[in-house]
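Inside the fold
Listed below are the residues making up each chain.
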Amino acid sequence: LDNQQNGHDYFCADFNDNNSVTEAAKKITEKYNIDILINNTGGPPAGPAQNANEDEFFSAFRNHLVNNHILARHCIPSMKSNHWGRVINIISTSVKQPLPNLGVSNTIRGAVANWSKTMANELAPYGITVNNILPGATNTERLKSIIENKSKNTSRELNEVSGGMLKEIPAGRFAD
């Protein structure tokens, strides 16, 4: 789907369908030379890795790693021809230290981090950088869900759970 609103084009794709992402990527790169690609996909549902079924891993792998790769593969040719480009992946601090009760996310985000490092090595000679941003706790529906699940699983009050998380953040607040 190709639309325009307030002078800006936007394209829609269903990240549960790699063919949809591929078609959108083709439309985008047929119309534009892309210099900067930002990959940012919401995380998979919370829960321990040991309780996750295989479909949860396959879905997260498709939504995060495979779709990032599809988009990058289509954008990289114009970056190479310009001898300049940026691929920025918004992932998670869980690549440094796995977060409790986010088993699937921890696993997949680690895969994306290593894909990024591999791509950075391969693309550096073309003037293209590939970087990961590891945002901390950000005030989103996902964070609220994580706090609610942690509260439920530990029988602690919501404010006690969020207060404990805030103590680990140097700024003492969740990002917006």
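As shown above, the structure is provided for reference.
The structure contained in this document is the topic of the report that follows. Because the structure is a prediction, the values reported are computed rather than measured. Note on numbering: residues in each chain are counted from 1, in written sequence order. Only residues with pLDDT of at least 70 get local features here, since the model is predicted, and only at 80 or more are side-chain atom pairs given and counted; chain-wide, interface and lining totals rely on the full set of residues. By convention in this description, side-chain values take in all heavy atoms of the structure and omit both hydrogens and water.

This brings us to the packing of aromatic side chains. Note on aromatic contacts: the rings of Phe and Tyr and the six-membered ring of Trp form a pair at centre separations within 6.5 Å, being stacked when their planes are under 30 degrees apart, edge-to-face when over 60 apart, and tilted otherwise. According to the stated counting rule, one finds zero aromatic pairs in the structure shown. In this structure, Lys-80 is placed above the aromatic ring of Tyr-126, and the distance from its NZ or CZ to the ring centre is 4.4 Å. Counted as over-ring charges are cases with an Arg CZ or a Lys NZ within 6 Å of the ring centre that also lie within 35 degrees of the ring normal.

Topologically, Asn-39 is positioned in strand β3 (residues 36-40). Given a relative accessible area of 3%, Asn-39 falls into the buried group. Pairs of N or O atoms within 3.5 Å make up the polar contacts considered here, provided that, within protein, one atom can donate a hydrogen while the other can accept it, and that residues adjacent in sequence are counted only when both atoms are side-chain atoms. Polar side-chain contacts of Asn-39 include one of 2.9 Å to the side chain of Asn-89. Whether two residues are in contact is decided by their heavy atoms: any pair within 4.5 Å suffices. Leave out the neighbours within four places in its chain, and Asn-39 touches Asn-68, Leu-71, Val-87, Ile-88, Asn-89, Ile-90 and Trp-115. In this text, helices come from DSSP runs of H or I with a minimum length of four residues, and strands from runs of E with a minimum of two, each type numbered from the N-terminal end. Exposure categories follow from relative accessible area, calculated using a 1.4 Å probe and restricted to protein chains: below 20% of the type maximum is buried, above 50% is exposed, and the middle band is partly exposed.

What follows covers the sheet that holds strand β5 (residues 128-133). Pairing in this open sheet of three strands is parallel, and the strands run β3-β4-β5 from one edge to the other. The open sheet terminates on both sides in strands that have one partner only, identified here as β3 and β5. Between one strand axis and the next, the sheet turns through 10 degrees on average, direction left out of account. In this structure, β3 lies alongside strand β4 (residues 85-90), joined through five bridges in parallel fashion. Residue Asn-39 lies in a different strand from β4, and its bridge partner there is Asn-89. Axes here mean lines fitted to C-alpha atoms, for a helix over just the part in contact, with angles spanning 0 to 180 degrees between N-to-C directions. Lying on the sheet, helix α2 (residues 54-82) is in contact with β3, β4 and β5; it crosses β3 at an angle near 170 degrees. Here the rule is simple: two strands pair whenever DSSP picks up at least two bridges between them.

Attention now moves to the nonpolar core. As used here, the term nonpolar core means buried Ala, Val, Leu, Ile, Met, Phe, Trp, Tyr and Cys residues forming a set that is joined through side-chain atoms within 4.5 Å. Core analysis: the biggest nonpolar cluster contains 26 residues, and Leu-37, Ala-72, Ile-76, Met-79, Met-119 and Leu-123 have the highest contact counts within it. Sorting the residues of this core by element identifies α1 (18-31), α2, α3 (103-123) and β5 as the ones contributing at least two each. Leave out the neighbours within four places in its chain, and Met-79 touches Ile-34, Asp-35, Ile-36, Leu-37, Trp-84, Gly-85, Arg-86, Val-87, Tyr-126 and Ile-128. The next biggest cluster of nonpolar side chains, apart from the first, holds five residues, and it includes Leu-143, Ile-147, Val-161 and Met-165.

Attention shifts here to empty space enclosed by the protein. A 1.4 Å probe that fits but cannot get out identifies a cavity on a 1 Å grid over protein atoms alone, an open set with protein on both sides within 12 Å along at least five of seven lines counts as a pocket, and a residue lines either if it has an atom within 4 Å of a point. Grid points are joined across faces, edges and corners, and a volume is the space filled by probe spheres set on the points. Within the structure shown, the criterion is met by one cavity of 30 Å³ or more. The volume enclosed by the largest cavity comes to roughly 50 Å³. At the level of elements, β3, α2, β4 and α3 are the ones that each hand at least two residues to the lining of the largest cavity. Amino acids outside the nonpolar list (Ala, Val, Leu, Ile, Met, Phe, Trp, Tyr, Cys, Pro) and the charged list (Asp, Glu, Lys, Arg) are all regarded as polar, and Gly is one of them. Residues belonging to the lining of the largest cavity are distributed by class as follows: three nonpolar, six polar and one charged.

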